[in-house]
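The chain contents come next:
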Amino acid sequence: MTIQSKMIVDKDFKLAEVDPRVYGSFIEHLGRAVYGGIYDPEHPTADENGFRGDTLQAVRAAGVPIIRYPGGNFVSGYNWEDGVGPKADRKRSLELAWWTTETNQIGTNEFADWAKLAGSEVMMAVNLGTRGIDAARNLVEYCNHPSGSYWSDLRISHGYKEPHAFKTWCLGNEMDGPWQIGAKTAVEYGRLANETAKAMRWVDPSLELVACGSSGSSMSTFAEWEATVLDLSYDNVDFLSLHQYYNNHEDDTPNFLARSLDLDQFISSVAAVCDYIKAKKKSKKKIYLSLDEWNVWKTQGTSRADQLWQVAPPEFEDEYNMEDALVVGCCLITLLKHADRVKMACIAQLINVIAPIMTENGGPLWLQTTYYPYMHASLYGRGTVLHPLITSPVYDSKDFTDVPYLEAVSVYNEELGEVTVFAVNRHLTEGMEFTLDLRSFKNVSVLQHTVLEHEDIHASNTRSNPGNVLPHNRGNAAAGEGSVTALLPKASWNVIRLKVNS
């Protein structure tokens, strides 16, 4: 038995161009993300800088355009000066966000080197917890100013003649969270963010700056925080951040698969607050959104009593399964449906810590189920998002009503002459007969129909079984006159790539 669904797309019904940075990621000095993840000098694939070659290969293969660094909670207690200069002179420090010892063997310059090898830009974050305006402006000067000043010349003395030219900067991290070092009220943070933004821009006028929104939509101050912060900093920032994580602690798969509807509402709500402040200020400027932390986060906590002040102990190393991959896929589709407003997003994190890429210190690397929808979207979701008109049967779950079994969106890459459809069938037992109406394209052919599926919704990839859940290209999408039909298997992620023929 199968269910029926339909999507109509028209090349004239354009939503927005996709900003490639929506496929960004995040690396924090947390757990084994840095030490053991990107940096493992004793690893067989390590280069002369100690960077793991297998990790770089997996990051490059996913086409990660930008990576947020160095945090996260870590940044709110970080003295960036501790991570530059000769490595032998760098001090070890107590890291209070995660109760570990930071060796500072990887810092700003090393991460810039690694990101360049990975083919990624850096989204730099400044410490507005224990520090503020002075440290932030000095860091911009160190990173971006060509020469002739104290901090730029110090960078040159450290072996980096050319500036890093980091364009995108985060003004702190989750500053409303009581867990944050130096947490602040909305007024305290809004004023500090505004004054820091001014000073940073006076050093480098080309910067794009991200102000902290609430740490999540469940925060008691949500929406009021956003409004207050923007009221105080609107003219000097470009983006407002959103953070959101999902889990299936209740073991309710239909409800879990509907979580992207919550993300859709969250994005719409924050955009509405931004537009309210725009109207209040009678401004012509539009604030865009940066979902610079999002993912499935299954671990409820971490035990630190037996690893206090260790160097890079394993933390939050979630094992992701098929249903997690479907939720990640649905969230990626949701981001594309908001491409007119969400211009940056960072799946958090990239390696080892709630990550699509896993490594063993000195050992192998394997890819989690969530790597594949992320990689597919990053590689093939470039171009113009077309407004989708979708007809699908629906279901109700514990927290959601009228959840469509079909979650889908299309991206038109006019330069390549390709249309890519990303589609998730949420139905757990039935395949879906999917019809794609492409009337305005007339003549198309199927390049590839990739499917990620598994008979066991809880199947995962592990060190001992890294190939348990892999995508295949045996999808049966077929093109007709101005249309495409396909069977979307039960509980599956689908990528249908089409060539537009002249």
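The structure this text deals with has already been given above.
So, how was this worked out
Residues numbered from 1 in each chain as written. Predicted model: local features only at pLDDT ≥ 70, side-chain atom pairs only at ≥ 80, totals over all residues. Heavy atoms only, no water. Patch = residues over 30% accessible without salt bridge, like charges linked within 9 Å, V, L, I, M, F, W, Y side chains within 5 Å. Areas by Shrake-Rupley, 256 points an atom, 1.4 Å probe, with all protein chains shown as cover. Salt bridge = Lys/Arg side-chain N within 4 Å of Asp/Glu carboxyl O. Helix = DSSP H or I, 4+ residues; strand = E, 2+ residues; numbered from the N terminus. Core = buried A, V, L, I, M, F, W, Y, C linked by side-chain atoms within 4.5 Å. Buried < 20%, exposed > 50% of the residue type's maximum accessible area, 1.4 Å probe, protein only. Contact = heavy atoms within 4.5 Å. Pairing = 2+ DSSP bridges. Right-handed = clockwise from strand over helix to strand, strands pointing away.

Peer 1: Sorry if this is basic, but what is going on with a nonpolar patch on the surface here?
Peer 2: Taken together, the side chains of Leu94, Leu96, Trp99, Leu308 and Trp309 make up a nonpolar region of the molecular surface, amounting to roughly 500 Å² of accessible area. Within the secondary structure layout, leucine 94 lies in strand β5 (residues 93-95).

Peer 1: Please clarify how the nonpolar core should be interpreted in this entry.
Peer 2: Within soluble globular proteins, side chains that are nonpolar generally end up buried alongside one another. If you look at the biggest cluster of nonpolar residues, it comprises 149 residues, and the most contacted ones within it are Ile27, Trp114, Trp169, Leu171, Tyr189 and Leu350. Leave out the neighbours within four places in its chain, and tyrosine 189 touches Leu128, Leu171, Met175, Lys184, Ala211, Cys212, Trp225 and Val229. With 11 residues, the next largest nonpolar core counts Val75, Ala125, Phe239 and Met344 among its residues.

Peer 1: Help me out: how do you make sense of unusual backbone geometry in this one?
Peer 2: With glycine set apart, most residues show a phi of negative sign, and most peptide bonds adopt trans. At the junction of tyrosine 69 and proline 70, the peptide bond is cis and its omega measures out at 5 degrees in the coordinates. The residue after alanine 348, namely glutamine 349, is reached through a cis peptide bond having omega -5 degrees. With respect to the helices and strands, glutamine 349 occurs in the loop between β12 (342-348) and β13 (357-359). The phi angle at glutamate 174 is positive, at roughly 40 degrees, despite the residue not being glycine. When you line up the elements, glutamate 174 lands in the loop between β8 (168-171) and α5 (186-203). Since its relative accessible area comes to 8%, glutamate 174 is described here as buried. You will see that aspartate 402, though not glycine, has its phi angle at about 55 degrees, which is positive.

Peer 1: Looking at this structure, I do not really get the pairing of strand β9 (residues 208-211). What am I missing?
Peer 2: Here is the key point about a regular strand: its side chains alternate between the two faces of the sheet. The alternating pattern of β9 places Glu208 and Val210 and Leu209 and Ala211 on opposite faces, both of which are buried. Examined bridge by bridge, β8 and β9 share four bridges and lie parallel to one another. What sits directly across from tryptophan 169, in β9, is leucine 209. A crossover links β8 with its parallel partner β9, the connecting element being α5, and its sense is right-handed.

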